[in-house]
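# Per-entry structural report
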Amino acid sequence: FNLEVFRAMKRKVKPEGFFSFKSDHQEYFRTVADLLREDPEVYFEAYTEDFYKSVYLDGNVASEFEKLFRAKSLPVYYLRANFKTPSLVKSSDSE
C-alpha cells in the first residue's frame with residue numbers, strides 16, 4: 001500500500017462507499033492508517049488494534065488467514081474509512 005495505490009483507490013470509491021482494511025501485521029497496519037490520516041477528506045468510521053475484542057466484530061466474515069491468526073491468539077488490526085463526511089470513531093482501544 002502506497003500513495004499511488006491510495007490515490008487510485010480513492011478515485012474508484014463511490015461517494016457512499018468505504019475502505020475497509022484488516023491486517024495481522026501491526027507496523028503495516030499503522031503505516032496504512034498514517035497514510036490515510038494525511039488526507040483531509042478521509043474519515044475513520046472504525047479503528048481498532050484488536051478486532052476480536054472490539055465493537056466491530058458483529059457480522060464479520062473471517063478469512064482463512066484471519067482464522068489462523070486467531071487460533072494463535074494473535075491480534076487482527078482493523079479500520080474502516082470513508083471519503084465523505086466525518087464520523088465518530090468508536091474505538092475499543094487507544095491508538
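Described below are features of the structure shown in this document. (Residues numbered from 1 in each chain as written. Predicted model: local features only at pLDDT ≥ 70, side-chain atom pairs only at ≥ 80, totals over all residues. Heavy atoms only, no water.)

## Looking at the pairing of strand S1 (residues 19-23)
Alternating positions in S1 separate cleanly, Phe19, Phe21 and Ser23 being buried on one face and Ser20 and Lys22 remaining unburied on the opposite face. For S1 and strand S3 (residues 77-82), the ladder comprises 5 bridges, and the chain directions are antiparallel. Bridge pairing links Phe21 to Leu79 in S3. (Buried < 20%, exposed > 50% of the residue type's maximum accessible area, 1.4 Å probe, protein only. Helix = DSSP H or I, 4+ residues; strand = E, 2+ residues; numbered from the N terminus. Pairing = 2+ DSSP bridges.)

## Thoughts on the sheet that holds S3
One open sheet accounts for 3 strands, arranged S1-S3-S2; its pairing is antiparallel. On the outer flanks of this sheet lie S1 and strand S2 (43-48), each paired with one strand and no other. Neighbour-to-neighbour, the strand axes of this sheet turn through a mean angle of 10°, independent of strand direction. (Axes fitted to C-alpha atoms, helices over the stretch in contact; angles between N-to-C directions.)

## Observations concerning the side chain of Ser54
By the secondary structure assignment, Ser54 is in the loop between S2 and helix H3 (64-71). At a separation of 3.1 Å, a polar atom in the side chain of Ser54 contacts the main-chain amide nitrogen of Tyr56. (Polar contact = N/O pair within 3.5 Å; in protein donor to acceptor, adjacent residues only side chain to side chain.)

## Notes on helix H2 (residues 26-37)
Along an α-helix, a turn takes 3.6 residues, which lines up residues three or four apart on a common side. Its 12 residues place the ends of H2 16 Å apart at the C-alpha level, agreeing with the 16 Å of an ideal helix rising 1.5 Å per residue. Taken together, the buried positions of H2 are occupied by Phe29, Val32, Ala33, Leu35 and Leu36. Down the axis of H2, the buried set is contained in an arc of 160°. They therefore lie on one face. On its buried face, H2 sits against helix H1 (3-12), S1, S2 and S3. (Expected span 1.5 Å × (residues − 1). Arc of directions from axis to C-beta. Contact = heavy atoms within 4.5 Å.)

## So, the nonpolar core
Core analysis: the biggest nonpolar cluster contains 16 residues, and Phe6, Phe19, Leu36 and Leu79 have the highest contact counts within it. Contributing elements (two or more residues each) for this core: H1, S1, H2, S2 and S3. A per-element tally of this core places H2 first, with 5 residues. Counting 6 residues, the second-largest nonpolar core is a separate cluster that includes Phe51, Tyr52, Val76 and Tyr78. (Core = buried A, V, L, I, M, F, W, Y, C linked by side-chain atoms within 4.5 Å.)

## Quick look at unusual backbone geometry
Non-glycine residue Ser73 carries a positive phi angle of around 60°. Position of Ser73 relative to the elements: it lies in the loop between H3 and S3. Exposure remark for Ser73: the relative accessible area of 66% places this residue in the exposed category.

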